[in-house]
Amino acid sequence: MTVTETNPAATDENRPIGFGRLQRKEDPRFVRGKGRYLDDIALPGMLHGAILRSPVAHATIVSIDTTEALAHPKVLAVITGKDLEGLNLAWAPTLSYDVQAVLATDKVRFQGQEVAFVVAEDRYAARDALELIDVDYDVLEPVVDVRKALDADAPIIRDDKEGQTNNHIFDWEAGDSAATDAVFDSAEVVISEEVIYPRVHPAPMETCGAIADYDPIDGKLTLYETTQAPHAHRTVFALVAGLPEHKIRVISPDIGGGFGNKVGIYPGYILAVVGSIVTGKPVKWVEDRSENLMSTSFARDYIMKADVAATRDGRILAVRTHVIADHGAFNASANPTKYPAGFFHIFTGSYDLEAAYCKVTGVYTNKAPGGVAYACSFRVTEAVYLIERMVDIVAAKLELDPAQIRLKNFIRPEQFPYANKTGWEYDSGEYEKTFRLALSRAGYEELRREQAEKRANGELMGIGISFFTETVGAGPRRHMDILGLGMADGAEVRIHPTGKAVVRLSVQTQGQGHETTFAQIVAEEIGIPPEDIEVVHGDTDNTPFGLGTYGSRSTPVSGGAVALATRKVREKAKHIAAAMLEVRPEDLEWEKGRWFVAGDPTQGKTMAEIAMGAHGTVELPEGIDGNLDAEVTYNPPNLTFPYGAYICVVDVDPGTGYVKVRRFIAVDDCGTRINPMIIEGQVHGGLTDGVGMALMEFIGFDESGNCLGGSFMDYLIPTAMEVPDWETDFTVTPSPHHPIGAKGIGESATVGSPPAVVNAVVDALAPFGVTHLDMPCTPDRVWAAMQGRATPP
Ligand code: MCN
Ligand code: CUM
């Protein structure tokens, strides 16, 4: 088999097969407009649903009159919360052991909440009929300011919950409070700041939607959904709707971006199912942009009060923080159950501390639910932003260089595996090496000289550094589950008689290129070229069980499953080859793509020959059945800890406060790299996210609880105009416990870049005595900071 000829695209890094810069197998259909997204699917006789949403943030529902809507000639059904109560479906469990109203029955609790569902012959009729529904609301005082949510006189939002006498959801803590306080008591320097990570939204290009097709004859529900986790959704649907799980098929077609927005189970999905059961026809529901921005999973919304204890010369000793977490009206965030604040407790960052402690208080407000979305790595975003902002503040107050203070405090290579003070075991890292590469790529010393010259001329140039460590690949089953489902993932590898392969995954690509990279893992392990390997995913009838794609867990978990399943195939192939060659398996040696007789390389069998042999007539050894297939469910022993060093250079217009990102240098380490081109794409996208959040993205509310970020006119996202040409580089520190040494990369840049941008803006404003500025650093906020005024909301 001459691999190089059959795989001309994979020529990068001298690796003709397996890992390398292979062009994406999925792109021919995407670039030709042949992707098949949810809204492209039209089933025979399909009806269309639309959701009536609450115009107010907090109100009692006095009455709902649907008579006129029902009289619309094209309307087949109008469903209200009362109807759902009859089916015991008015409330659905969230992924955080709370409940969420599918359609409001008693009260509405955020602007945009689902109140009624219309099913009509077409989309326009469904929308028109929404306007014919008459809802009488008795408006209540809303809880908008999260700081006041726990006040004794605050209106109680969740009066539906028995025993709920305030807006408190949970208190969660990590680390050692007393030990941390002790370090603070004797510290030379204590520095405090309140750091806010505002509410933002993942805003994928494709909004969320579902098509439910319930067949009353055989009782089978086929549910097309924009979901990042088809298997988990199916199980939850079985539990919620009481449908037998083997009669539910969840199909997740091509996804136009997920970014965490497509993890949750939204009322619209459930309503499509109810609509199909009620009408006996397939029902499609697709939300519009405003519905997406106003009602589906937002992200962040953390107010973090933090203290850092340090020595006068910049050795950081301890960090403690108290977070108020705004979870909106329902606690619907998608965390591993044990961790209501996600993995926020990695806020100790990349530094070797003596002590750390965090407490997170989750509260209800009259806002849309969510919290864990937007490439957050389960709230590592908030953690990284906090520590990287604080380290810069400490550096500024102690008049130290932000690069030097980081070098002084890094966890050293010989300390890995490193147990941090809040319970994580970092698997591997060479922080200083990666950091120094970023400094040299940036020309850090030269940049500082340039900055000094500019400052002398009254020009505002800023240099921002961020060094982040992530924890991705949730997770070991003994520690991590969602609704009781352990966080493992399955993979199935089948080799056809002619030597072509199919690999079936439990994870779901949304743009990350799984159809390419998972084929590359099989190729690397077994020597079949990637173009001969088909990747199947996104259909519960055709893939093994697993928890899906989020928290950059596909490579750490599913990637491990695929590598191990392929190794099983390779081992089996050895026994079959031995039978074919009439030698003992111990006498065979492996080279990529073939087993051969040790000492006589001419005597061998390629994978294609072995595949045919497996299905052929040769007598197979005891215990080897006639196929070349294998499956594995992989339960990772630990998470993986990718990291990176980012440096951002900005110029601030002293006249307007406008921030221009001039340069951005990103050096990432995600261990073994499967496809460098795809990794670069992931990093470019995440850096763009970071510039967006740092400078413009923000979901705000007025005092009545009206959402101020409900369209792309108000919720700004970056375009090519706002971002520089990214300068990326990498180091490789393989994960010691992952089968191929890979760590996740899908969220690294979104997690790591916002502090670099904000640190750069604050650095630019240093001549004004500014040491902190909250995101987004919009021109008006930057301007106000220059004038020494409080920043506008
Ligand atoms: N990869 C690699 N080598 C590594 C690590 C990863 O080549 N060492 C490749 C993977 O094989 C995969 C891609 O990079 O093709 C991302 O892998 P991974 O880090 O495992 O992340 P996931 O595949 O689990 O993707 C999830 C992650 C998350 S949680 C969000 S949010 C996000 C992100 O991916 N959403 C995205 N990146 C996105 N990119 C696109 N285009 N669209 C989204 O919705
Ligand atoms: Cu937190 S967004 Mo991604 O994990 O799907």
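Reading the values: the criteria
- Counting restarts for each chain: residues are numbered from 1 in the order of the written sequence.
- Written order determines the labels here, with chains lettered from A and ligands numbered from 1.
- Local features in a predicted model are, by the rule used here, given only for residues with pLDDT of at least 70; side-chain atom pairs are given and counted only at 80 or more, and totals for whole chains, interfaces and linings are based on all residues.
- Calculated side-chain values reflect all of the structure's heavy atoms, with hydrogen atoms and water omitted.
- Consider each residue's heavy atoms; a residue with any of them within 4 Å of a molecule or strand counts as near.
- Each polar contact in these results corresponds to two N or O atoms within 3.5 Å; when the atoms are within protein, one needs to be able to donate a hydrogen and the other to accept it, and residues that are neighboring in sequence are counted only if both atoms are side-chain atoms.
- Numbered from the N terminus, helices here are DSSP runs of H or I no shorter than four residues, and strands are runs of E no shorter than two.
- Gly is placed with the polar residues, together with every amino acid not listed as nonpolar (Ala, Val, Leu, Ile, Met, Phe, Trp, Tyr, Cys and Pro) or charged (Asp, Glu, Lys and Arg).
- Segment limits for the domains were obtained from an automatic or database-derived domain assignment.
- Only centres within 6.5 Å qualify two rings of Phe, Tyr or Trp (six-membered ring in Trp) as a pair; their planes then separate them into stacked at under 30 degrees, edge-to-face at over 60, and tilted for everything else.
- Using a 1.4 Å probe on the protein chains alone, a residue whose accessible area is under 20% of its type maximum counts as buried, one over 50% counts as exposed, and one in between counts as partly exposed.
- The criterion is that NZ of a Lys, or CZ of an Arg, lies within 6 Å of the ring centre and within 35 degrees of the ring normal, and then a charge sits over that ring.
- Axis geometry follows a simple rule: fit a line to the C-alpha atoms, using only the stretch in contact for helices, then measure angles between N-to-C directions, giving values from 0 to 180 degrees.
- When describing relative orientation, an angle under 35 degrees is termed roughly parallel and one over 145 degrees roughly antiparallel, while 65 to 115 degrees is termed roughly perpendicular and anything else oblique.
- By the definition used in this description, the sense in which the near helix is turned from the far one sets the handedness, with an anticlockwise turn below a right angle giving left-handed and a clockwise turn giving right-handed.
- Should any heavy atoms of two residues lie within 4.5 Å, those residues are considered in contact.
- As a working definition, buried area equals the accessible area (1.4 Å probe) given up by two parts on being put together, with both sides summed.
- A pair is scored as a salt bridge if a Lys or Arg side-chain nitrogen falls within 4 Å of a carboxyl oxygen belonging to Asp or Glu.

1. Comments concerning the site of ligand 1
Phase 1: Near ligand 1, the surroundings consist of 33 residues, among which Gly258, Gln512, His514, Thr555 and Ile745 are the closest.
Phase 2: Between ligand 1 and cysteine 670 there is a distance of 3.2 Å, counted from a nitrogen atom to a backbone nitrogen or oxygen.
Phase 3: Listed by contribution, the elements that provide at least two residues to the shell around ligand 1 are α14 (514-526), α15 (554-581) and α17 (676-695).
Phase 4: Of the residues that constitute the shell around ligand 1, the class distribution is 10 nonpolar, 19 polar and four charged.
Phase 5: A domain split of the shell around ligand 1 shows at least three residues from each of domain 2 (384-473 + 640-786) and domain 3 (489-634).

2. Some remarks on the packing of aromatic side chains
Phase 1: One pass over the full model with this rule turns up 30 aromatic pairs.
Phase 2: Geometrically, the ring pair formed by tyrosine 431 and tyrosine 643 is edge-to-face, given 4.7 Å between the ring centres and 65 degrees between the ring planes. Here tyrosine 431, found in helix α12 (residues 431-442), pairs with tyrosine 643, found in strand β31 (residues 643-652); they are 212 residues apart in sequence, far enough to count as distant. No difference in accessibility class separates tyrosine 431 from tyrosine 643, as the two residues are buried.
Phase 3: Ring plane angle 65 degrees and centroid distance 4.9 Å describe the contact between phenylalanine 468 and tyrosine 646, whose orientation is recorded as edge-to-face. With phenylalanine 468 in strand β21 (residues 460-469) and tyrosine 646 in strand β31, the pair connects residues that are 178 residues apart, well separated along the chain. Tyrosine 646 shares its class with phenylalanine 468; the two are buried.
Phase 4: Each member of the aromatic cluster is reached from another via a ring pair, and the members are Trp172, Tyr339, Phe343, Phe378, Tyr418, Trp424, Tyr426, Tyr550 and Phe641.
Phase 5: The side chain of arginine 320 reaches across the aromatic face of phenylalanine 184, ending 3.8 Å from its centre.

3. Focus on the packing of helix α10 (residues 380-397) against helix α11 (residues 402-409)
The relative placement of two packed helices is expressed as an angle between their axes plus a distance between the axes.
Phase 1: Axis separation between α10 and α11 bottoms out at 9 Å; the angle between their running directions is 115 degrees. Relative to α11, α10 is oriented roughly perpendicular. For α10 against α11, the interelement crossing comes out right-handed. Side by side, α10 and α11 meet where Glu388, Val391, Asp392, Val394 and Ala395 of the first sit next to Pro402, Ile405 and Arg406 of the second.

4. Comments concerning the domain arrangement of the protein chain
Phase 1: Taken domain by domain, the protein chain comprises domain 1 (38-140 + 207-254 + 262-295), domain 2 (384-473 + 640-786) and domain 3 (489-634).
Phase 2: Spacing between the C-alpha centres of domain 2 and domain 3 amounts to 40 Å.
Phase 3: Tallying the contact residues gives 17 residues for domain 2 and 20 residues for domain 3.
Phase 4: Summed over both sides, the interface of domain 2 with domain 3 buries roughly 1,300 Å², with 63% coming from carbon and sulfur.
Phase 5: For domain 2, the biggest contributors to the area lost against domain 3 are Gly473, Ile674 and Pro739; these three give 38% of the whole.
Phase 6: Here domain 2 is connected to domain 3 by zero salt bridges.
Phase 7: In this structure, the connection of domain 2 to domain 3 is made through six residue pairs in polar contact (both at pLDDT 80 or more).
Phase 8: For the side of domain 2 that touches domain 3, a count of residues per class yields seven nonpolar, eight polar and two charged.

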